[in-house]
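Inside the fold
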Amino acid sequence: MKIKSFLYYVLFVIFMLSISQCKNDDQTRLQAEWTSKDPIAIPFNARNNERKLGNLVVNPSFETGKIYYEESNVKSYDINGWKKVGQNIQWVNSENGDWTSEDVYHGNHAIKIERKHADETETTGEGIISDFIKVIPGNYSLKLHLKLKDICPNQSRVGTKMYDAVNIRLQYFDKNRLPISEQEHNAFSNKKIDNSFKALTLANFWHIDELGWGEIHGKTAYHPFYDGDIPDEARYVKIFIGLKGTGQMWIDDIDFRYTEQNFTMLERLKPYFDSSYLACDKVYPTPQVVQRKQEIEYIKQLPVIVIPTDAKIEIKDVAASLKEFIDKQIQAHVDSIQDLVQVVTKVDTSKITDKQLFISIGETELCEMYKHLLPDSVIAHRKDAYYIQQPGSNNIIFTNASSINAFKYMLSTMKQLFNNSVYCSANIIDYPDFLERAYLMHSFDSNLAFLNQKLALLGKYKLNSIYFEWYPDYESYYPFSSINQIDAPNKAVLINVNKIKSSDDSDPKKELLRKESDILNSSLNAVLLADYSYEELKDCNSDKAIISLNRSFNSSLQEQHIQLLKHFDKAISRQNLTIQLEFLAPWNRLEIIDKGHGKGELYYYDLQKEFSSNLSLYWTGGTYYSNSIDYAEFFRISEIMSEAPLFFDNSLFTDEFRLNTDYEKNYYAGKIRVKSFIEPYNLNAFCDFNLQTGQRKILLNTGYLTELNTIRVLTAANYYWNSSAYQPDKSLWIVLNQLVGRENAIHLIYFNDAYYGLKEICQKIELNGQQFKNTRIARNFESQLTKYYNLLNKNLQNRELANELAGLKYDILLKYSELTASVN
């Protein structure tokens, strides 16, 4: 009997093991189908678990390890999670007398590589390599901090640039930890490239004399390539960071993680659906410093606004606006109240109680009581800074600002702290990261009232300057005089000089000069001249770039631009105007400069010889549609231009440009699902970008300010104000709640998901024909699209937004209907 029981037990164990093996085989088979080109096909739990892991690098700042001594001298060391490659590698300890805090970026440790000799034949160089890091197919980001000194390429003898002298690589391995190919097909250039190479932003220096600590982004190629996608077979990676050339290199703070590009907008924002925030958590744009206090009921005993006895008219206006706002809040809850909020200059302090709210604006008599507790010194030397403070236990709120504009910003913030019958008190110190937060509008119709309403909304979100694109040759239906009628405090104009049509066969720039008086006699703060005269050679070397103004001209491009800019510069100086002259040159991005074989560098050399500091230059990043900027890119363009340039921000168009190409539709059809028509602003820039940027000014290219695009622009406003605290998805959720309400926000996100889900299915039908699986999924998306459109159309007060959604719905359903009809 015991033998029989034992046999049953053995058979049971074998059976269970076989089932387990079958499950493992099924799982392995399913994982074999996972691909970076179709991330949504990977189960959400697998992707979400990878995201939750955060930084996958063990010991990213080299803080832990073990030192081995021999006779009191350091013989060797081991760093947890890392191995040395080569001999000239030192483990920095800033607490050791041989090193200082300058040798580390974060914590107490870093890596230093110093090479005085490098062979031309070296393939790897010396550095550090991580242990195996487990991954799944998808998109990953790699960031690290480097400090460089006297770096020379190891092949400088033959005239090469840096290329991989600073050698940053991501090595790929399969499930058995065997190396796999590092080649990746770049569908946008139809070439195989080395997807292991991640030092693109350092590759085109000739020599790096000194580069202080800065954030470097591991890049293989510029947009539109999907940088960060790993091979489908990869299940492990290793990170190598080293030096093939000569010089000194410090390494610290390495970050490698699964990105948000692997998720749909619905997957990203769904956690917010059930979230609740206090008013101080939803202040928008996000203040620099927020310390939550208590909630104060203000209706039972009416608030009092206190202003200085000698208050300027602007402060009186702020007080009047705040009074009007609070009055409306009170009237919405208590109809019988007649005497509402009072604005006074004097207060009997003996009558101040804990049950009444007092709001002090500016240097009032109340300030003297709490002067030592108020952060006036913090805002005194910052432009457009303000504070809102409740320093004591009583209900006195103190506000002050460093400028009239800052008082308006304070007012906008304070209004957001009122929530129904309570004031959500918070100690706030706030100021903008970018001092000028500008946006470009390409055109507008004759409805000035509607336009001014739109501009007021953007101003409410603290965007403070607008640029209009103007074409002098289209003056008949787009007169310059209409710009003067627009209600905006800071106006500027962008003139695309390469699109100007001449009335004769002469230089088209003369057409612009004919309009000079209109331009200079306007109420503009700046004139931005832009020239996009870029051509690609379609010969044996399509990667070469030339810039030509007009082939019929005998003079060079530099001479043409210098003459035009000098003319405007002299006219501005002669008339003693405060207009800032700005220029976006054809050589506006590193990608084109690098293809220009030295012509771009010479262009800026000639340009800078001729001009005073009145001319401000723009750049667009590594490429025209840059969504990532690291410190090396900014450092290099600043060297080329001989100044820190302003940023012409095209990042809102990165996905739109990709989606409009056949490469995206065909090779990356599986990525369409993660797109969104309300995708929040997401420029991935190094941490001090706002402080380094010329004049701390940024110009957002908005395209056309449709209702949907306006939502995206408002998310950019949050980044421009407070870059370090910016969270794209949270910003979008707050904006949607403020504009359309919570329920409509949820419905809009579901509508977006169904729209791009159906759009992806349409593309797959075009590529592969109609399949049962696609048809079943498409019917579900079709049903969801109609359901959420009907809800939005019923509940949205913004009819312009509803009409835009109707257009999207009609177009995608028509395309799907035509595709299925043609297949059948």
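Our structure is the block above this text.
About the thresholds
- In this convention, every chain numbers its residues from 1, walking through the sequence in written order.
- Local features are withheld for residues below a pLDDT of 70 in this predicted model, meaning they are given only at 70 or higher, and side-chain atom pairs are given and counted only at 80 or more; totals for whole chains, interfaces and linings count all residues.
- Computation of side-chain values: all heavy atoms of the structure, hydrogens and water removed.
- Between N-to-C directions, angles span 0 to 180 degrees; the directions come from axes that are lines fitted to C-alpha atoms, helices contributing only their stretch in contact.
- Only runs of H or I of at least four residues qualify as helices and only runs of E of at least two qualify as strands under DSSP, and these elements are numbered from the N terminus.
- For this classification, under 35 degrees means roughly parallel, over 145 means roughly antiparallel, 65 to 115 means roughly perpendicular, and everything else is oblique.
- Crossings are sorted by hand: turned counterclockwise from the far helix by less than a right angle, the near helix makes the crossing left-handed, and turned clockwise it makes it right-handed.
- By the convention used here, residues are in contact when the closest approach between their heavy atoms is within 4.5 Å.
- Burial here depends on accessible area, computed with a 1.4 Å probe over protein chains only, as a share of the maximum for the residue type. Under 20% is buried, over 50% is exposed, and the range in between is partly exposed.
- The pairing criterion for strands is at least two bridges between them, as found by DSSP.
- By definition, a salt bridge exists where a carboxyl oxygen of Asp or Glu is found within 4 Å of a side-chain nitrogen of Lys or Arg.
- Under the convention adopted here, Pro, Cys and the residues Ala, Val, Leu, Ile, Met, Phe, Trp and Tyr are nonpolar, Asp, Glu, Lys and Arg are charged, and Gly plus all remaining residues are polar.

**Considering the packing of helix H8 (residues 448-460) against helix H19 (residues 707-721)**
Taken N-terminus to C-terminus, the directions of H8 and H19 make an angle of 25 degrees; their axes are 11 Å apart at the nearest point. With respect to their mutual orientation, H8 and H19 come out roughly parallel. Regarding H8 and H19, the two cross each other, and that crossing is right-handed. Across the interface between the two elements, Phe-450, Lys-454, Leu-457 and Leu-458 of H8 pack against Glu-707, Thr-710, Val-713 and Leu-714 of H19.

**Digging into the pairing of strand S20 (residues 396-401)**
Among the six residues in S20, six count as buried, and that is most of the element. Burial along S20 is two-sided: the residues Ile-396, Phe-398 and Asn-400 and Ile-397, Thr-399 and Ala-401 are all buried. Both strand S18 (residues 358-361) and S20 contribute to a ladder of four bridges, which runs parallel. Within S20, the residue paired with Ile-359 across the bridge is Ile-397.

**Some details on the pattern of salt bridges**
Throughout the structure, instances matching the rule amount to 33 salt bridges. Between Glu-120 and Arg-157 there is a salt bridge, with the nearest N and O atoms lying 2.5 Å from each other. Of this pair, Glu-120 sits in the loop between strand S5 (109-115) and strand S6 (126-130) while Arg-157 sits in the loop between strand S8 (140-152) and strand S9 (166-173), and the two are 37 residues apart along the sequence. In this structure, Glu-365 and Lys-346 form a salt bridge, with 2.9 Å as the shortest nitrogen-oxygen distance. With Glu-365 in the loop between S18 and helix H5 (367-370) and Lys-346 in the loop between strand S17 (342-344) and S18, the pair connects residues that are 19 residues apart, well separated along the chain.

**What about the sheet that holds strand S29 (residues 580-584)?**
Judged by pairing direction, the barrel is parallel, and its eight strands sit side by side in the order S23-S24-S25-S26-S29-S30-S32-S34 before closing back on the first. Between one strand and the next, the sheet's axes are offset by a mean angle of 25 degrees, whatever the strand orientation. Pairing of strand S23 (residues 436-441) with strand S34 (residues 697-701) involves five bridges; the strand directions are parallel. Directly across from Tyr-439, in S34, lies its bridge partner Leu-700.

**What to know about the packing of helix H14 (residues 599-609) against helix H15 (residues 631-641)**
Two numbers describe how H14 lies on H15: the axes approach to 8 Å, and their chain directions differ by 55 degrees. With respect to each other, H14 and H15 are oriented oblique. Counted together, Glu-601, Tyr-604 and Gln-608 of H14 and Arg-636, Ile-640 and Met-641 of H15 form the full contact between these two elements. Looking at the contact of H14 with H15, its residues break down into three nonpolar, one polar and two charged.

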